[in-house]
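Fold and geometry: a report
Residues per chain, in single letters:
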There are 2 protein chains.
Amino acid sequence: MRRYYTIRDLADLFDITPRTLRHYEDVGLLKPARQGAQRLYSERDRVRVQLILRGRRLGFSLPEIAEMLDLYDADPTEITQLREVIRRGNEKLRQVERQISELEALREDLIAMRNRLEQVLQEKLNTSEGKGCSD
Amino acid sequence: MRRYYTIRDLADLFDITPRTLRHYEDVGLLKPARQGAQRLYSERDRVRVQLILRGRRLGFSLPEIAEMLDLYDADPTEITQLREVIRRGNEKLRQVERQISELEALREDLIAMRNRLEQVLQEKLNTSEGKGCSD
DNA sequence: CTGAAAACTTACGTGAACGTCAATACGGTT
DNA sequence: AACCGTATTGACGTTCACGTAAGTTTTCAG
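Below, the structure is looked at part by part. (Residues numbered from 1 in each chain as written. Chains lettered and ligands numbered in written order. Predicted model: local features only at pLDDT ≥ 70, side-chain atom pairs only at ≥ 80, totals over all residues. Heavy atoms only, no water.)

To describe two helices that pack against each other, one gives the angle between their axes and the distance between the axes. Residue and element names in this part refer to chain B. Their axes nearest at 10 Å, the elements helix H3 (residues 43-57) and helix H4 (residues 62-72) cross at an angle of 135°. Between H3 and H4, the angle falls in the class oblique. H3 and H4 meet at a crossing whose hand is right-handed. Facing Arg48, Leu51, Ile52, Gly55 and Arg56 of H3, the residues of H4 in contact are Leu62, Ile65, Leu69 and Tyr72. Here the residues of the contact of H3 with H4 sort into six nonpolar, one polar and two charged. (Axes fitted to C-alpha atoms, helices over the stretch in contact; angles between N-to-C directions. Helix = DSSP H or I, 4+ residues; strand = E, 2+ residues; numbered from the N terminus. Parallel < 35°, antiparallel > 145°, perpendicular 65-115°, else oblique. Left-handed = near helix turned anticlockwise from the far one by under 90°. Contact = heavy atoms within 4.5 Å. Nonpolar A, V, L, I, M, F, W, Y, C, P; charged D, E, K, R; others polar.)

Shown next, in the form of structure tokens:
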């Protein structure tokens with residue numbers, strides 16, 4: 001519940017480097033407060049970093065992550081803008097769901113492969129069971 | 001059911017460039033047959049390309065994809081090696097399952113955000129309902 | 001056989017996402 | 001005030017996954 005983090009605090013917290021945080025700032029993903037020249041990251045910044053890193057692990061580019069974060073803290077005044085934000089959100093949602101489907105397919109493939117190999121293993125163990133493989 | 005594909009056939013089939021296929025060969029993901037200097041891709045090569053591209057869409061690096069493809073067509077002689085392949089396969093499987101969990105968390109986040117925005121939209125529509133927002 | 005299309009090799013270029021290094025600048029301690 | 005550790009701003013370097021361009025065969029329709 002500390003109110004603020006230095007750049008090193010946050011870096012250590014997520015096992016990244018300060019350079020990475022500055023880079024995220026360069027591309028507009030973070031806008032930490034400053035006291036003088038020093039960056040002061042808030043709790044909200046910490047959460048954003050967490051979301052950014054999750055996005056990276058899932059294979060999204062920084063611009064894509066920016067889109068999603070924009071959805072997150074969008075507070076549109078105009079109804080037209082609001083509808084647009086919802087539309088983009090639904091689009092992202094569909095993309096994520098497609099990705100889940102593909103990942104599940106990959107998981108099925110890996111499971112099938114494992115089963116196949118397990119079976120081969122059992123066969124090998126059986127044939128070499130009596131050491132002479134007679135009968 | 002064509003037996004062979006030229007590099008352009010495969011490129012067009014997956015909407016990629018020949019350069020991409022040569023690159024996958026450079027890094028050891030493909031080893032197409034040759035007639036002279038020309039590459040001839042088999043049905044098996046086509047399937048591998050499909051798997052490679054799925055891996056890319058899911059955010060895996062080419063080396064990571066190579067690992068998984070190695071698991072796919074591994075035919076280990078020694079039981080020790082076989083166990084090792086199974087172990088690596090299970091490891092990848094767990095990684096994929098973690099990734100699925102994270103994606104599902106992201107999906108939940110997106111859904112929550114959409115619901116929130118939908119609600120804001122409804123409120124906006126209601127307050128501007130009678131155009132004067134009386135009572 | 002010829003000429004165009006397509007494939008090949010070689011090699012340098014590129015955008016994304018940082019890494020790394022140099023040169024300050026600033027903050028707290030003794 | 002001097003010192004040391006940490007932060008900051010450039011700015012160039014690096015890896016990955018190809019893009020792109022040049023120059024050279026190879027293939028194939030006419």
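Under the counting rule described, the total for this entry stands at 25 salt bridges over all chains. In this structure, the salt-bridge partner of Glu84(A) is Arg88(A), at a minimum N-O distance of 3.8 Å. With Glu84(A) and Arg88(A) both in helix H5 (residues 79-127) and four residues apart, this pair spans about one turn of that helix. Overall, Glu84(A) belongs to the partly exposed group, its relative accessible area being 32%. Relative accessible area serves as the criterion here: at 31%, Arg88(A) is assigned to the partly exposed category. For Glu108(B), the salt bridge identified is with Arg107(B), shortest N-O distance 3.7 Å. (Salt bridge = Lys/Arg side-chain N within 4 Å of Asp/Glu carboxyl O. Buried < 20%, exposed > 50% of the residue type's maximum accessible area, 1.4 Å probe, protein only.)

It is worth spelling out the interface of chain A and chain B at this point. Contacts between the two partners involve 44 residues from chain A and, on the opposite side, 44 residues from chain B. A combined buried area of about 4200 Å² lies between chain A and chain B, and 70% of that area is made up of carbon and sulfur atoms. Between chain A and chain B we count four salt bridges in total. We note a salt bridge from Glu102(A) to Arg57(B), for which the minimum N-O separation is 2.6 Å. Inspection of the chain A/chain B interface yields 13 residue pairs in polar contact (both at pLDDT 80 or more). Counting only elements with at least two residues in the side of chain A that touches chain B, the list comes to helix H3 (43-57), helix H4 (62-72) and H5 of chain A. If you tally residues by element for the side of chain A that touches chain B, the top one is H5(A), at 31 residues. Of the residues belonging to the side of chain A that touches chain B, the class tally is 25 nonpolar, six polar and 13 charged. (Buried area = accessible area lost by both parts, 1.4 Å probe. Polar contact = N/O pair within 3.5 Å; in protein donor to acceptor, adjacent residues only side chain to side chain.)

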